[in-house]
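# Summary of the model geometry
Now for the letters of each chain:
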Amino acid sequence: MGTRQSQFRAALLDPAAPVPDGLTDGAGAPTVKRFDVYRNNVTVALIDALRTAFPVLRKLLGDANFDPLARVYARAHPPRSPLMMHYGQDMPAFLDGFAPLKHLGYLPDVARLELALRRSYHAADSAALDAQVLAACPPETLMGSCLQLAPAVQLIPSPWPLFDIWRYNTVAGAPKPQATAQSVLITRAGFDPEPHALTAAQYAWLHACQTGANLTEAQDSASATDPAFDLAPLLGLLLQHGALTTLTTPKD
Amino acid sequence: MLDASHRSPSLPKAPGVGYKPQHFDALRSEPGPVTWLEIHAENYMGDGGRPHAQLHALRADFAISVHGVGLSIGGEGRLDPDHLARLQRLVDWLEPASFSEHLAWSTHGAEFLDDLLPLPYTDATLTRVADHIDEVQDLLGRQMLLENPSSYLAFAESTWSETEFLSELTRRTGCGLLLDVNNVFISATNLGDTATGYLDAYPLHAVGEIHVGGHDEDADDHGAPLLIDSHAHPAAEPVWTLLDYALRRTGPAPVLVEWDNDVPEWPALRAEADRAASALATIPAH
């Protein structure tokens, strides 16, 4: 039997489950259609939230495929928090295990990118590091220092041309994706998150910084991936987009 | 029970609208009769970015009402401590003129079902909801308003009428009420009651805010009318009539226009606010 709310929970997300007993139209007549209002409200609200969260997935799959997929997902993975802005956390793993879409192996990474864009949009504001701070730091001190990334910065590693896939489906006239691996960096200089393509070595450098490595260690990570790694273009991009917040020297 | 010294600042007795980000510029340049805004608390529980920046700007010009849609005041389990902490942070930051939530539940175990789900009106529900309201009011150090739901069905085990249930909650907890006249009209139509009969039995003295909004029309298994609370249209004529009926008894009150789905351009929402202003203009001060 369970409590009233257990009965509701079971029947709300399972259209084959019987409607709980003891629900009436107000005059005492039993009703199924009235319970179905709640079933419909919950399902439609969750599907709408997923449509909002994953516009590129929706475009890639088309509404005729996305909506049924979202319905299956919503019933299997209802939100675990009232913060609907982050609903869909399990979508990458769900897509990884969804046999009918196995041939579109890049979809889970597209979902990861779209979730990261929302995290970035709602992340804390931060003051950008002044390039003068880096310029004023003696090179030997600098290489033992750590750079903190802004709270809005997100990194999504991928073996797919992830940035090009995202751009092709969001920017009119963007070139078709080529068969190349692209990880993605998200920055947020103002209020709008902006994705950028990363080489494998650039990703390695950023990932090292994000996990607390100093600049020597980050350089070693990047060089191990690509011996010709040049930090300058990446550092310029990070400074230009407010992606760095503080330089922590070994003395700090 | 809330200490009377914790009476909170109140909203202007004037029209307000549910805030939508697409109306940010229009609200600042031509607010019309709108002097206050209501936000859904959960949409501003991120850490920063544009949502927070817009609120920072708006709170300089408008009184703010924080309206929760995710606290699950009627839930069988305990209130989510993480969510309470987020709510407290938001209220501490915004210092809103009002905080309100719904007589409903939405969380079960660890799951959030993203709808305002109905409650049987029993002694057990009354005790549980009163305890949860006490917990919220103690935490926030302020009075909260509780909104009447839109009902599509009734529970065989209910032993209280909704109006008696709400009256008893205000007595036990000292909470105020958010009277949604669209919900009153929807529930009365759906459950075969009269809306004015509901208002005659409702504790109007406890009202701190009134909602008007739009609904959809459907029919139930037996062909009886079934109204759906969609907030996707202008308010229907009978809802405006009900607003007049309520205002003649409460005196001037903060009146909010809700429009959450298929949100129109600003002029259409402003026209609804103008209509609320007209309704308020005919009411003598009590």
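Up top is the structure.
Keep in mind that what you see is a predicted model, and the values were worked out from it rather than measured. (Residues numbered from 1 in each chain as written. Chains lettered and ligands numbered in written order. Predicted model: local features only at pLDDT ≥ 70, side-chain atom pairs only at ≥ 80, totals over all residues. Heavy atoms only, no water.)

## Some thoughts on the packing of aromatic side chains
- In this structure the tally under the stated criterion is 13 aromatic pairs over all chains.
- Pairing Phe8(A) with Trp105(B) gives two aromatic rings, centres 6.1 Å apart and planes at 75°, and the pair type is edge-to-face. In this pair, Phe8(A) sits in helix α1 (residues 4-12) while Trp105(B) sits in strand β5 (residues 105-108), so the two residues belong to two different chains. Trp105(B) shares its class with Phe8(A); the two are buried.
- Seen from their ring centres, Tyr121(B) and Phe165(B) are 4.7 Å apart, and the 40° between their planes marks the pair as tilted. Placement of Tyr121(B) in the loop between β6 (111-117) and α4 (123-140) and of Phe165(B) in helix α5 (residues 162-173) is noted, with a sequence separation of 44 residues between them.
- In this structure Tyr121(B) comes out as buried when scored by relative accessible area, which is 9%.
- Within the aromatic cluster, the residues linked to one another by ring pairs are Phe8(A), Phe35(A), Tyr38(A), Trp105(B), Tyr152(B) and Phe155(B). (Phe/Tyr/Trp six-rings, centres within 6.5 Å; stacked < 30°, edge-to-face > 60°. Helix = DSSP H or I, 4+ residues; strand = E, 2+ residues; numbered from the N terminus. Buried < 20%, exposed > 50% of the residue type's maximum accessible area, 1.4 Å probe, protein only.)

## Some remarks on the pattern of salt bridges
- Considering all chains together, one arrives at 21 salt bridges over all chains under this definition.
- Through salt bridges with shared partners, one network takes in Arg51(A), Arg58(A), Asp63(A) and Asp67(A). (Salt bridge = Lys/Arg side-chain N within 4 Å of Asp/Glu carboxyl O.)

## A short note on the interface of chain A and chain B
- On the chain B side, the residues contacting the 42 residues of chain A number 51 residues.
- Here chain A packs against chain B, burying approximately 3800 Å² in sum over the two surfaces, 57% of which is carbon and sulfur.
- Looking only at chain A, the three residues that lose the most surface to chain B are Gln5(A), Arg34(A) and Tyr38(A), adding up to 21% of its buried area.
- Taking the shortest distance from any N to any O, the salt bridge between Glu157(B) and Arg4(A) comes out at 2.6 Å.
- Secondary structure elements with two or more residues in the side of chain A that touches chain B: α1, β1 (23-24), α2 (33-53) and α6 (107-122) of chain A.
- For the side of chain A that touches chain B, the element with the highest residue contribution is α2(A), accounting for nine residues.
- Its residues assigned to classes, the side of chain A that touches chain B comprises 23 nonpolar, ten polar and nine charged.
- In this structure, β1(A) lies alongside strand β8 (residues 154-155) of chain B, joined through two bridges in antiparallel fashion. (Contact = heavy atoms within 4.5 Å. Buried area = accessible area lost by both parts, 1.4 Å probe. Nonpolar A, V, L, I, M, F, W, Y, C, P; charged D, E, K, R; others polar. Pairing = 2+ DSSP bridges.)

## Concerning the sheet that holds strand β10 (residues 207-213) of chain B
Residue and element names in this part refer to chain B.
- Strand order around the closed barrel formed by eight strands is β1-β2-β3-β4-β7-β9-β10-β13, with parallel pairing between neighbours. Pairwise comparison of adjacent strand axes, ignoring direction, gives a mean angle of 25° for this sheet.
- Relative to β10, strand β9 (residues 176-180) is paired through four bridges, and the arrangement is parallel. Paired with Leu-178 across the strands is Glu-209, a residue of β10.
- Helix α3 (residues 81-94) rests against β2 (36-40), β3 (63-67) and β4 (98-102) of the sheet, and its axis sits at about 175° to β3. (Axes fitted to C-alpha atoms, helices over the stretch in contact; angles between N-to-C directions.)

## Concerning the side chain of Thr24(A)
- Topologically, Thr24(A) is positioned in strand β1.
- At 3.2 Å, the side chain of Thr24(A) and the backbone nitrogen of Gly26(A) are in polar contact.
- Not counting chain neighbours up to four residues away, the residues in contact with Thr24(A) comprise Ala29(A), Pro30(A), Thr31(A), Arg34(A), Leu153(B) and Ala154(B). (Polar contact = N/O pair within 3.5 Å; in protein donor to acceptor, adjacent residues only side chain to side chain.)

## Structural notes on the nonpolar core
- Core analysis: the biggest nonpolar cluster contains 132 residues, and Leu146(B) and Leu179(B) have the highest contact counts within it.
- Two domains each donate at least three residues to this core, and these are domain 1 (1-104) and domain 2 (124-252) of chain A.
- When residues no more than four places from it in sequence are discounted, the contact partners of Leu146(B) are Ile73(B), Glu101(B), His102(B), Leu103(B), Ile133(B), Leu166(B), Leu169(B), Cys175(B), Gly176(B), Leu177(B) and Leu178(B).
- Counting 28 residues, the second-largest nonpolar core is a separate cluster that includes Leu134(A), Cys137(A), Leu198(A) and Leu238(A). (Core = buried A, V, L, I, M, F, W, Y, C linked by side-chain atoms within 4.5 Å. Domains from an automatic or database assignment.)

## Observations concerning the sheet that holds strand β5 (residues 194-198) of chain A
All names here are of chain A.
- On the basis of which strands lie adjacent, the open sheet formed by three strands has the order β3-β4-β5 and antiparallel pairing. Each end of this open sheet is capped by a strand with a single partner; those strands are β3 (154-156) and β5. On average, each strand axis in the sheet is tilted by 25° relative to the strand beside it, whichever way the strands run.
- Bridge count for strand β4 (residues 183-187) against β5 is five bridges, and the pairing is antiparallel. Counted as the bridge partner of Ile-186 is Pro-195 from β5.

## Quick look at empty space enclosed by the protein
Residues and elements named next belong to chain B.
- Throughout the structure, instances matching the rule amount to one cavity of 30 Å³ or more.
- Together, Gly-18, Glu-38, His-40, Leu-256, Glu-258 and Asp-260 line the largest cavity.
- Sorting the residues of the lining of the largest cavity by element identifies β2 and β13 (255-258) as the ones contributing at least two each.
- In the lining of the largest cavity, the residues fall into one nonpolar, two polar and three charged. (1 Å grid on protein atoms, 1.4 Å probe; cavity = no way out; pocket = protein on both sides within 12 Å on 5 of 7 lines; lining within 4 Å. Points joined across faces, edges and corners; volume = space filled by probe spheres on them.)

## Overview of the packing of helix α8 (residues 237-250) of chain B against helix α9 (residues 266-281) of chain B
Residues and elements named next belong to chain B.
- α9 packs onto α8 with a crossing angle of 35° between their chain directions and a minimal axis gap of 10 Å. Seen along the crossing, α8 lies across α9 with a hand that is right-handed. Along its contact with α8, which presents Glu-237, Trp-240, Leu-243, Asp-244 and Leu-247, the element α9 presents Glu-272, Arg-275, Ala-276, Ala-279 and Leu-280.
- When its residues are assigned to classes, the contact of α8 with α9 shows six nonpolar, no polar and four charged. (Left-handed = near helix turned anticlockwise from the far one by under 90°.)

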